[in-house]
Amino acid sequence: MQSVGPYRFTHMLGTCPVGKAWAAIDEQGRFVTVAVLDAVVANTSGWREAFAATANALSQRPGGHAFAYADFFAGEPWAAYPAEAGPGAETLFRALGQEYHPVPTEQAGSTKQGDSPEPVSGVPRQPSGPPQSVSSPPHPVSAPPQPVSGAPQPTSGAPIAPWALHSGALPTVPPAPIPPPSEDAPQSPAPVSAAPASPAPHDPFRAPVRRIKPSEPPPRRTGLWVGLAALVLVVAAASGVGIWAIAGNDQPDPYAPPTGTSVTASSTVAPIEPALKPWAQASLYSPEEKALAVAAPSLVFVEAVFTGYVRDARTNALVHPQPVSFIRRCSGFLLTPDGHAVTNGSCVKPAEGHARWLAVDALARMLVQGKQLPAGQISAYVAANLGKVRFTGVEPGTEPTSTVYGQLNRAKGNAVAEPAIKAEVVQSLPEDSGNTALIKLARGNLPALELNPSASLAEGAQVRILAYATSDVVFRNAAYRPQSRMVTITGTSQRGPVSIYLVDNDLGPASHGGIALDSAGRVAGLVYQDQAAPDRANRAILPASTISALLGEAGVANTLGDTDKVYRSGLDAYFRGDSSVAITQLEKAAAAAPDNLLAQAYRQNAAERQRLENASREQSDTLVLVLVGCAGVLLVALVILAVLLIRRRDR
């Protein structure tokens, strides 16, 4: 079955002069529509850029069609749209100004599962019937239509491509004038008299025909001169194109790598699969993609396990002989290369009342598992016993034990060995003063982020959040991955002396402690729990200024390491199109910080882009040589033809 990227084609939806629309399915069984630009069209100057620009414009326009995934550097560029969003592939082709031809339903459904879809040519088929003949010959046209010069320019919004084909009714052909009768045509017979005329006497010097005929004029060589003129035009056009192409090579190419360095992607190197792909979460080469690329390596999955005993508050007697444990999972982010990270305070160091409630709830579930309490009585048990107990350590009056672990990239619940990193709580602020905590991972040389304490957050503004989330329903060993989402600030609230910003969406239970990003990939705030909401969802943002206060109390400075700076310089080069510098810098960052998988992924992306640029440049040079060669051959032919004409005239 034919496929592109993570999508497997099921059947064709339609065609247009520059590509095809397919129905496809991804690895998770989600349906999409895929617009595929034909390879010949993609190699035509301007089409690949117009295809990418139009897809991005439709994604960014309010109410437009956002693609789920795309590859504009493929041999046949493509863009995939979620099926539930409507005919995205058809919309993209129509936005390019193309006449779209849907495949009939019975034809689209006839493709059996397991069969490869029948290839369809890039241009629509001609009507089945032959053209109707015209009774009179059409008048000749004075000159052929002039070609439109220039490559298509991408426009914002849904562009109308001026080079696209437009249908229109053919002009009616007026009938040719009726030619006058020829002199040699037979005339109507003359009237015959009643008596025949007597024959004239024979004259030997008067013959019925002319004895000496004048020589006929030489035939006109109109076709020869038309062919000669066409040949001259072709030679002139080919020579002009060749000269233009050669002169164009002298212009600087902003994407050309420096001479002396040529790095290409090795086919033997397996592609890196980072936990978060910024190019799939935002528009390609956009500031949003770059901000995600800067911040994602510093995101940390945090898991804290608390163990203690539930005791009677008056007598200190054990309510249950076995220790009780509960788990807290949240997100965090690194602020120093030596492992200092910030997260939600109630995750790693909950207040006594909150920890007691979690312990009693865990005890009730243990009793249900041991058949000592009906499953429907958990809430009633917690309400009846919460005010009567204490949650302590092994001895009365001691604190329960806790262990904290952090994970980068992909994460797994209940992990205590590599790649999990042991951590400890350094400083925390109470719930009414910020509810944040500073932890330190027991590993150095980690990717860090910059704080932006003066970030502007206001009602109605859109902010991108980044945190860990899961789709697993089984909590114990659930798998977590970084996810991002654009949210809108809907209002403000007060948490003690701290103001927080309420937002309209979240990324799930483990997202508290995640990052609210500014446009440069710095920390504008911390994802926070809206404790006033009935579900206590993580739909609030704590300003970054509170995080600065926490670092000040702990005596820790927010700093970037040398590797972080090299990584950012590599991203700067990548997003401005300098593939060679991007490869060099990102390779250094990946070697110095193996945990930064995005440095390796973007290095591979830059190498692949450089390979495509070099291949395109080689094709352009080959085309120039072919055109110049054709111009030379035609020029020789023109000289030979001129010599033959001169000799023939002199005869």
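Calculation notes
Residues numbered from 1 in each chain as written. Predicted model: local features only at pLDDT ≥ 70, side-chain atom pairs only at ≥ 80, totals over all residues. Heavy atoms only, no water. Helix = DSSP H or I, 4+ residues; strand = E, 2+ residues; numbered from the N terminus. Buried < 20%, exposed > 50% of the residue type's maximum accessible area, 1.4 Å probe, protein only. Contact = heavy atoms within 4.5 Å. Areas by Shrake-Rupley, 256 points an atom, 1.4 Å probe, with all protein chains shown as cover. Polar contact = N/O pair within 3.5 Å; in protein donor to acceptor, adjacent residues only side chain to side chain. 1 Å grid on protein atoms, 1.4 Å probe; cavity = no way out; pocket = protein on both sides within 12 Å on 5 of 7 lines; lining within 4 Å. Points joined across faces, edges and corners; volume = space filled by probe spheres on them. Nonpolar A, V, L, I, M, F, W, Y, C, P; charged D, E, K, R; others polar. Salt bridge = Lys/Arg side-chain N within 4 Å of Asp/Glu carboxyl O. Disulfide = S-S within 2.5 Å. Phe/Tyr/Trp six-rings, centres within 6.5 Å; stacked < 30°, edge-to-face > 60°. Expected span 1.5 Å × (residues − 1). Axes fitted to C-alpha atoms, helices over the stretch in contact; angles between N-to-C directions. Parallel < 35°, antiparallel > 145°, perpendicular 65-115°, else oblique. Left-handed = near helix turned anticlockwise from the far one by under 90°. pLDDT = per-residue confidence, 0-100. Core = buried A, V, L, I, M, F, W, Y, C linked by side-chain atoms within 4.5 Å. Patch = residues over 30% accessible without salt bridge, like charges linked within 9 Å, V, L, I, M, F, W, Y side chains within 5 Å.

### Focus: the overall build of the protein
Helix and strand counts for the protein stand at 14 helices and 21 strands. Classification of the 651 residues of the protein by burial places 41% in the buried group. Put simply, 68% of the contacts in the protein that link residues at least 6 apart link residues at least 24 apart. Working note: accessible area of the protein is about 36,800 Å², and carbon and sulfur atoms make up 57% of it.

### Notes on unusual backbone geometry
For the peptide bond that leads from Glu 418 to Pro 419, omega is 10°, which places it in the cis range. By the element assignment, Pro 419 lies in the loop between strand E13 (411-412) and strand E14 (421-428). In this model, Asn 409 sits at a positive phi of 60°, which is unusual for a non-glycine residue. Here Asn 409 is to be found in the loop between strand E12 (401-407) and E13.

### Regarding the side chain of Ser 331
Relative to the assigned elements, Ser 331 resides in strand E9 (residues 324-334). For Ser 331, a relative accessible area of 0% translates into the label buried. At 3.0 Å, the side chain of Ser 331 forms a polar contact with the backbone nitrogen of Tyr 468. If sequence neighbours within four positions are ignored, Ser 331 has contacts with Val 300, Val 302, Thr 343, Asn 344, Ala 467, Tyr 468, Ala 510, Ser 511, His 512, Gly 513 and Gly 514.

### Section: empty space enclosed by the protein
As enumerated under the stated definition, the model contains one cavity of 30 Å³ or more in all. In this model, the largest cavity occupies a volume close to 70 Å³. What lines the largest cavity is simply Pro 274, Ala 275, Leu 276, Ala 296, Pro 297, Asn 409, Pro 482, Asp 595, Asn 596, Leu 597 and Leu 598. A class-by-class count of the residues in the lining of the largest cavity yields eight nonpolar, two polar and one charged.

### Observations regarding the pattern of salt bridges
This structure, assessed with the given rule, holds 16 salt bridges. A salt bridge links Asp 38 to Lys 20; the shortest N-O distance between them is 2.9 Å. Residue Asp 38 is located in the loop between strand E4 (31-37) and helix H1 (39-42), and its partner Lys 20 is located in strand E3 (residues 19-25); the two are separated by 18 residues in the primary sequence. Look at Asp 38 and you get buried, because its relative accessible area is 9%. Between Arg 576 and Asp 578 there is a salt bridge; the shortest N-O distance is 4.0 Å. If you follow the salt bridges from partner to partner, you end up with Glu 418, Arg 443 and Asp 595 in one network.

### Observations concerning the state of the cysteines
A complete count under the given rule lists one disulfide for this structure. Across a sulfur-sulfur distance of 2.1 Å, Cys 330 and Cys 347 are joined as a disulfide pair. Between Cys 330 and Cys 347, the disulfide has an S-S torsion of -85° and is therefore left-handed. Of this pair, Cys 330 sits in strand E9 while Cys 347 sits in helix H8 (residues 345-348), placing them 17 residues apart in sequence.

### Thoughts on the packing of aromatic side chains
Taken as a whole and assessed by the stated rule, the structure comprises 16 aromatic pairs. When the ring of Phe 67 is compared with that of Tyr 81, the centres are 6.5 Å apart and the planes differ by 90°; the resulting orientation is edge-to-face. With Phe 67 in the loop between helix H2 (47-60) and strand E5 (69-71) and Tyr 81 in strand E6 (residues 78-82), the pair connects residues that are 14 residues apart, well separated along the chain. Both residues of the pair, Phe 67 and Tyr 81, count as buried. Ring centres 5.8 Å apart and planes at 45° place the aromatic pair Phe 326 and Phe 391 in the tilted group. On the criterion of sequence distance, the pair formed by Phe 326 in strand E9 and Phe 391 in strand E11 (residues 389-392) is long-range, its members being 65 residues apart. Pairwise contacts between aromatic rings join Phe 73, Trp 279, Tyr 285, Tyr 574, Phe 575 and Tyr 602 into one cluster.

### Observations concerning helix H13 (residues 579-592)
Given a rise of 1.5 Å per residue, 14 residues ought to cover 20 Å, and the 20 Å separating the end C-alpha atoms of H13 matches this to within 8%. When H13 is considered as a whole, its buried residues turn out to be Ser 579, Ser 580, Ala 582, Ile 583, Gln 585, Leu 586, Ala 589 and Ala 590.

### Regarding the packing of helix H7 (residues 287-295) against helix H12 (residues 562-575)
Two measures define how a pair of helices packs: the angle their axes make with one another and the distance between the axes. Close contact between H7 and H12 brings their axes to 11 Å; oriented N to C, the two are set at 160°. The angle between the axes of H7 and H12 places the two elements in the roughly antiparallel class. By crossing handedness, the relation of H7 to H12 is classed as right-handed. For the pair H7 and H12, contact is made by Glu 289, Lys 290, Ala 293 and Val 294 and by Tyr 567, Arg 568, Leu 571, Asp 572 and Phe 575, respectively.

### Notes on the packing of H12 against H13
Closest axis-to-axis distance for the H12/H13 pair is 8 Å, and the angle between their directions is 150°. Between H12 and H13, the interaxial angle falls into the category roughly antiparallel. Viewed along their axes, H12 and H13 form a crossing whose handedness is left-handed. Residues Thr 563, Val 566, Tyr 567, Ser 569, Gly 570, Leu 571, Ala 573 and Tyr 574 of H12 form the contact with H13, whose own contacting residues are Val 581, Ala 582, Gln 585, Leu 586, Lys 588, Ala 589 and Ala 592. When the residues that make up the contact of H12 with H13 are grouped by side-chain class, the tally is 10 nonpolar, four polar and one charged.

### Observations concerning the confidence of the model for the protein
Mean pLDDT over the protein works out to 79, with 72% of the residues at or above the 70 mark. Mean pLDDT values over the elements of the protein span from 51, in helix H4 (residues 105-109), up to 97, in strand E19 (residues 515-517). In the model, residues 107-199 has pLDDT below 50 throughout and makes 66 contacts with residues more than four positions away in sequence or in other chains. pLDDT under 50 marks residues 250-267. Its contacts with residues more than four places away, or in other chains, come to 20 contacts.

### Regarding the environment of Arg 481
Considering the arrangement of structural elements, one finds Arg 481 in strand E17 (residues 479-495). C-alpha of Arg 481 to C-alpha of Ser 471: the two residues are 10 residues apart in sequence and 9.4 Å apart in space.

### Thoughts on the nonpolar core
Residues Val 34, Phe 72, Trp 78, Phe 93, Phe 333, Val 342 and Tyr 602 are the most contacted members of the largest nonpolar core, which totals 92 residues. Apart from residues no more than four positions distant in its own chain, Trp 78 is found in contact with Val 4, Gly 5, Pro 6, Tyr 7, Val 34, Ala 35, Val 36, Phe 51, Tyr 69, Ala 70, Asp 71 and Phe 72.

### Some words on the environment of Val 566
With respect to the helices and strands, Val 566 occurs in helix H12. When the C-alpha positions of Val 566 and Thr 584 are compared, they lie 9.7 Å apart, and in sequence the two are 18 residues distant.

### What to know about a nonpolar patch on the surface
Side chains of Leu 635, Val 639 and Val 643 sit close together on the surface and give an oily, nonpolar patch of about 240 Å² of accessible area. A relative accessible area of 46% means that Leu 635 is categorised as partly exposed.

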